[in-house]
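Each chain, letter by letter, is given below.
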Amino acid sequence: MSTWLVTGGAGFIGSNFVLYMLRTYDDVRIVNLDALTYAGNLENLLSVQDNPRYTFVHADIRDAQAVADTLAAHDPDYVINFAAESHVDRSIANPGVFADTNVMGTVNLLNCCRAAWDDGTGGFGAHRYLQVGTDEVYGTLAIPEALNADGSPADPEHTDYFREDTPLSPHSPYSASKTSADLFVKAYHDTYGFPAVITRCSNNYGPYQFPEKLIPLMINNAIHHKPLPVYGDGLNVRDWLYVDDHCKAIDMVARDGRLGEVYNVGGHNERANIYIVKTIIQQVREVTGDEQVSEDLITYVQDRAGHDRRYGMAPDKIRAELGWYPQTPYEEGIVKTIRWYLDNPTWVEHVTSGAYQDYYERMYADK
Ligand code: NAD
Ligand code: DAU
């Protein structure tokens, strides 16, 4: 048995990771430490809540005592840090909590693991820490001159991508906080020999994603015939990865990645936002037969401040060293995702009521 402490395991990717690990392995035990912010939802984990290999700890990664107690009680072999404030628009509205959680929370977690894992001889045994990072730390890429209709590069062989040695150049408070967290993790490895590895992933989509992010927001609004707010000219490009592919990458890097290294995770699945929105409209209409779901719902709104133009990952290193590659084509993943949101109206209803409604009205009121 190996024990994995997953922080932020009640969020979108964290809960998918918990489910992925428990269904993939019989010899894995998961401890999920989560503060249950607006983004943390234990309903994501109903199917495993009685699994004897799963434990939930309600705690904050900034709370040194709670983290130390959890490490002492469970002695995890692996710590995977998903816990974060993750939404760029919220970071523009309220940057402070991003510094607190993403930077100071990570530093606290590193300190607690360092103390708990110290073997008295300057080593840390076989323990391993993985920091879940983002491609946003690299800033932005230029849009290539020649594009396919979906916004992907027409000539991928001669196009710029983010690589692990691309200079860090974050633009939003969110990405600045994630960059800072990565640098602390690297510093703990280089200074103390702390057994850490970092992944940096592109945009995820799939079940259990909070509908403040582009894909679930558009699916949910389309189903309810609400306007589909597209920022700016809709031609910003993101590199989309189905969440299970990300989970698999984290598992592989946590076990076999070289300590102190960064691994980019992404799919060569670049799409312009407007293309994503139009495919969602088309797919929702096809699946539901609802003719009112049409491009008339598209509403161009004020652009996001500091909006990065294009993200595009080169996942060559993880492929060469660990054999990882994205297995779910976008066309398949988006249909699975739309069906999941249609099949789970109660989940959507629970996360979109109350406080979320207030947030939504505030966020889009001036756009
Ligand atoms: P999310 O917002 O859906 O979930 C975040 C989780 O962290 C929630 O369960 C929340 O309750 C928990 N959390 C927040 N603050 C906490 C604290 N102080 N202590 C303990 N728990 C806390 O986020 P997500 O989209 O699942 O992203 C998870 C991680 O992956 C983040 O670190 C994010 O930066 C990174 N990431 C996300 C994407 C993406 O496309 N969503 C892509 C690359 C990297
Ligand atoms: O690239 C990885 C990152 O992807 C993660 O690190 C972040 O945690 C995650 O939130 C995501 O960040 P983005 O800002 O790229 O995702 P978001 O879904 O917010 O936006 C995707 C694109 O869609 C972006 O260009 C902004 C645009 N957008 C977004 C929303 C919410 C719209 O046009 N309209 C919208 O209403």
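These notes cover the structure that comes with them. (Residues numbered from 1 in each chain as written. Chains lettered and ligands numbered in written order. Predicted model: local features only at pLDDT ≥ 70, side-chain atom pairs only at ≥ 80, totals over all residues. Heavy atoms only, no water.)

Moving on, we get to the overall build of the protein chain. Secondary structure assignment for the protein chain yields twelve helices and twelve strands. A compact globule built from 367 residues should have a C-alpha radius of gyration of about 21 Å, and the protein chain, at 20 Å, falls within 12% of that. Its C-alpha atoms give the protein chain principal-axis dimensions of roughly 65 × 45 × 40 Å. Buried residues in the protein chain amount to 57% of all 367 residues. Taking the intrachain contacts of the protein chain between residues at least 6 apart in sequence as the baseline, contacts between residues at least 24 apart amount to 84%. Carbon and sulfur atoms make up 49% of the accessible area of the protein chain, which amounts to about 15100 Å² in all. Positive and negative side-chain charges of the protein chain, numbering 29 and 51 respectively, have mean locations separated by a distance of 1 Å. (Helix = DSSP H or I, 4+ residues; strand = E, 2+ residues; numbered from the N terminus. Rg over C-alpha atoms; globule rule 2.2 N^0.38 Å. Buried < 20%, exposed > 50% of the residue type's maximum accessible area, 1.4 Å probe, protein only. Contact = heavy atoms within 4.5 Å. Areas by Shrake-Rupley, 256 points an atom, 1.4 Å probe, with all protein chains shown as cover. Lys, Arg positive; Asp, Glu negative; His and termini not counted. Charge placed at Lys NZ, Arg CZ, Asp CG, Glu CD.)

Taken together, 30 residues are adjacent to ligand 1, and I13, D34, S86, Y174 and K178 come closest. Here an oxygen atom of ligand 1 sits 2.6 Å away from a polar atom, N or O, in the side chain of D34. The side chain of D60 places a nitrogen or oxygen atom 2.9 Å from a nitrogen atom of ligand 1. Relative to its unbound accessible area of 830 Å², ligand 1 is 97% covered by the protein chains. The set of elements that each furnish at least two residues to the shell around ligand 1 consists of helix 1 (12-24), strand 5 (128-134), helix 5 (173-192) and strand 7 (203-205). Broken down by element, the shell around ligand 1 gets its largest block of residues, three residues, from strand 5. Among the residues making up the shell around ligand 1, the classes are represented as 14 nonpolar, eleven polar and five charged. (Near = heavy atom within 4 Å. Polar contact = N/O pair within 3.5 Å; in protein donor to acceptor, adjacent residues only side chain to side chain. Nonpolar A, V, L, I, M, F, W, Y, C, P; charged D, E, K, R; others polar.)

Attention now goes to the sheet that holds strand 1 (residues 2-7). Paired through their backbone hydrogen bonds, the strands of a sheet run either parallel or antiparallel. With parallel pairing, seven strands are arranged side by side in an open sheet as 3-2-1-4-5-6-10. Here the strands that pair on one side only, and so sit at the sheet edges, are strand 3 (54-58) and strand 10 (262-265). Pairs of neighbouring strands in the sheet enclose a mean axial angle of 20°, with direction left out of account. Sheet topology places strand 6 (residues 196-201) next to strand 10; four bridges connect them, and they run parallel. Looking at the pairing, T199 lines up with Y263 of strand 10. (Pairing = 2+ DSSP bridges. Axes fitted to C-alpha atoms, helices over the stretch in contact; angles between N-to-C directions.)

Time to look at the packing of helix 4 (residues 96-117) against helix 5. In the contact formed by helix 4 and helix 5, the axes pass within 8 Å of each other and the chain directions differ by 20°. Relative to helix 5, the element helix 4 is oriented roughly parallel. The crossing of helix 4 and helix 5 is right-handed. Only Y174, S177, K178, S180, A181, F184, V185, Y188 and Y192 of helix 5 make contact with helix 4, whose side of the interface consists of F98, A99, N102, V103, T106, V107, L110, N111 and R114. Class assignment for the residues of the contact of helix 4 with helix 5 results in eleven nonpolar, five polar and two charged. (Parallel < 35°, antiparallel > 145°, perpendicular 65-115°, else oblique. Left-handed = near helix turned anticlockwise from the far one by under 90°.)

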